[in-house]
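Coordinates in review
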Amino acid sequence: MTFDPHAKAYLSILGWPSGFTHDDRIEALVASAAMDPRQAALQSKIPTPAIVTTIDALISDEILRVLHKRGVLALAPSEDEIALYPKPEPVKRIARFPNTTPPNSPTSPTSFAVDDNDEPAWTFTSQDIRLVVAATTQSSSTTIKATRPIGGIRKAGRRIPEARITKSHQLQTNEILDLHLWTDGKPRLLRLTGQRTLIRSLENIDKPPSLLDPPDPIELLKPHIPGVHIDQGFNNFTPPANIRIKGEGSRAHNTKRSQKSFEFYSVWVALLDQMLRG
């Protein structure tokens, strides 16, 4: 893959120094990234972690140096880094093997089996999981229907039925669970959607979930992945404008919660996690 010399990076603020006033935040963004003060004033109010602007990837190190010198925790994943991240692997289901020793034991990582329809089943352990990203995305569809009633309008001695146009909108939500693994020295992304977000024990994997009391996929998974961060911040995330435009192309009801926005968010969070780990 060739790299774009004009590629952008996403200036991401992970945290402001304690005691920083709103004016201090504005000054830091203006001094580092040459942001318009009015835009900096708006972006500095967004809860962190947040993308405050896009910058030239070639000068991102210098911009980060200025921010770090002021004590601002900031990173800048580039478009190239996001494009090079492994594509999500949609899997049918993931089963958890029963633990033979007490849960959360550091000497006995939990094992999981993956069934992805097209490939033979394979396994990984809780030690391979670096990050879990869970969210609910939204999309809508519009149906247009034309009907002609018996009555109508009279024109040139003829009765022409008047068309009646009706529109109906349907909002759809979709549960998504991304598992970011680190295997064989490289990242790997598994994606579960809809009812498949449930990661259940092997003996219960074929039992249909209760419709009256549906299980929480996070609560099912959390006891078996001690120390792994589970990110559920998608609802508070404001995607960059170019990502929102892609969401509009998919006719999302709310472009901030579209599938495209989540796909970007999940990789962005994973890259921030990798950068913080060094």
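First, a word on scope: everything that follows refers to the structure included in this document. Quick caveat, the model's predicted, so the values are computed rather than measured.

Another aspect to go through is the pattern of salt bridges. Using the criterion set out here, one finds 10 salt bridges in the structure. Taking the shortest distance from any N to any O, the salt bridge between aspartate 115 and arginine 93 comes out at 3.7 Å. Here aspartate 115, found in strand β6 (residues 111-115), pairs with arginine 93, found in strand β5 (residues 93-96); they are 22 residues apart in sequence, far enough to count as distant. For aspartate 115, a relative accessible area of 23% puts it in the partly exposed group. Between glutamate 219 and lysine 222 there is a salt bridge whose closest N-O contact spans 3.5 Å. Using a relative accessible area of 46% as the deciding quantity, one classes glutamate 219 as partly exposed. When its relative accessible area of 42% is taken as the criterion, lysine 222 is described as partly exposed. One salt-bridge network, in which partners are shared between bridges, spans Arg93, Asp115 and Asp206.

Glancing now at the packing of aromatic side chains. Applying the stated criterion across every chain, the model contains 10 aromatic pairs. Centroid distance phenylalanine 234 to tyrosine 265: 5.5 Å. Interplanar angle 55°. Geometry classified as tilted. Of this pair, phenylalanine 234 sits in the loop between β14 (229-231) and α6 (241-249) while tyrosine 265 sits in helix α7 (residues 259-277), and the two are 31 residues apart along the sequence. Exposure class is identical for phenylalanine 234 and tyrosine 265. Each is buried. Following the ring pairs from residue to residue traces out a cluster consisting of Tyr10, Phe234, Phe237, Phe262, Phe264, Tyr265 and Trp268. Against the face of phenylalanine 234 rests arginine 257, its NZ or CZ located 5.3 Å from the ring centre.

On the basis of which strands lie adjacent, the open sheet formed by three strands has the order β2-β1-β3 and antiparallel pairing. On the outer flanks of this sheet lie β2 (50-56) and β3 (73-75), each paired with one strand and no other. Each adjacent strand pair in this sheet contributes to an overall mean axis angle of 25°, direction not counted. Bridge count between strand β1 (residues 8-15) and β2: six bridges; the pairing is antiparallel. Its bridge partner being in β2, alanine 9 is matched across the sheet by isoleucine 55. Here α7 sits on the sheet and contacts β1, β2 and β3; the angle it forms with β1, its principal contact strand, is near 70°.

So, about the environment of proline 49. Mapped onto the elements of the fold, proline 49 is located in the loop between α2 (37-43) and β2. We classify proline 49 as partly exposed; its relative accessible area is 43%. Measuring from C-alpha to C-alpha, the distance between proline 49 and phenylalanine 237 comes to 8.2 Å, with 188 residues separating the pair along the chain. The residues touching proline 49, leaving out its near neighbours within four places in the chain, are Ile13, Leu14 and Trp268.

When helix α3 (residues 60-69) is considered as a whole, its buried residues turn out to be Ser60, Ile63, Leu64, Val66 and Leu67. Buried residues of α3, seen end-on, are gathered within an arc of 155° and therefore sit on one face of the element. The exposed residues of α3 that point more than 90 degrees off its buried face are Asp61 and Lys69. Elements that come into contact with the buried residues of α3 comprise β1, α1 (22-33), β2 and β3.

Here we have four strands laid out as an open sheet, ordered β7-β6-β5-β13, and mixed in their pairing. Lying at the two open borders of the sheet, with one neighbouring strand each, are β7 (122-125) and β13 (200-201). Two strands pair when backbone bridges link them, and β5 and β6 are joined in this way by four bridges, in the antiparallel orientation. In the strand pairing of β6, arginine 93 is matched with aspartate 115.

What counts and what doesn't
Residues numbered from 1 in each chain as written. Predicted model: local features only at pLDDT ≥ 70, side-chain atom pairs only at ≥ 80, totals over all residues. Heavy atoms only, no water. Salt bridge = Lys/Arg side-chain N within 4 Å of Asp/Glu carboxyl O. Helix = DSSP H or I, 4+ residues; strand = E, 2+ residues; numbered from the N terminus. Buried < 20%, exposed > 50% of the residue type's maximum accessible area, 1.4 Å probe, protein only. Phe/Tyr/Trp six-rings, centres within 6.5 Å; stacked < 30°, edge-to-face > 60°. Lys NZ or Arg CZ within 6 Å of the ring centre and 35° of its normal. Pairing = 2+ DSSP bridges. Axes fitted to C-alpha atoms, helices over the stretch in contact; angles between N-to-C directions. Contact = heavy atoms within 4.5 Å. Arc of directions from axis to C-beta.

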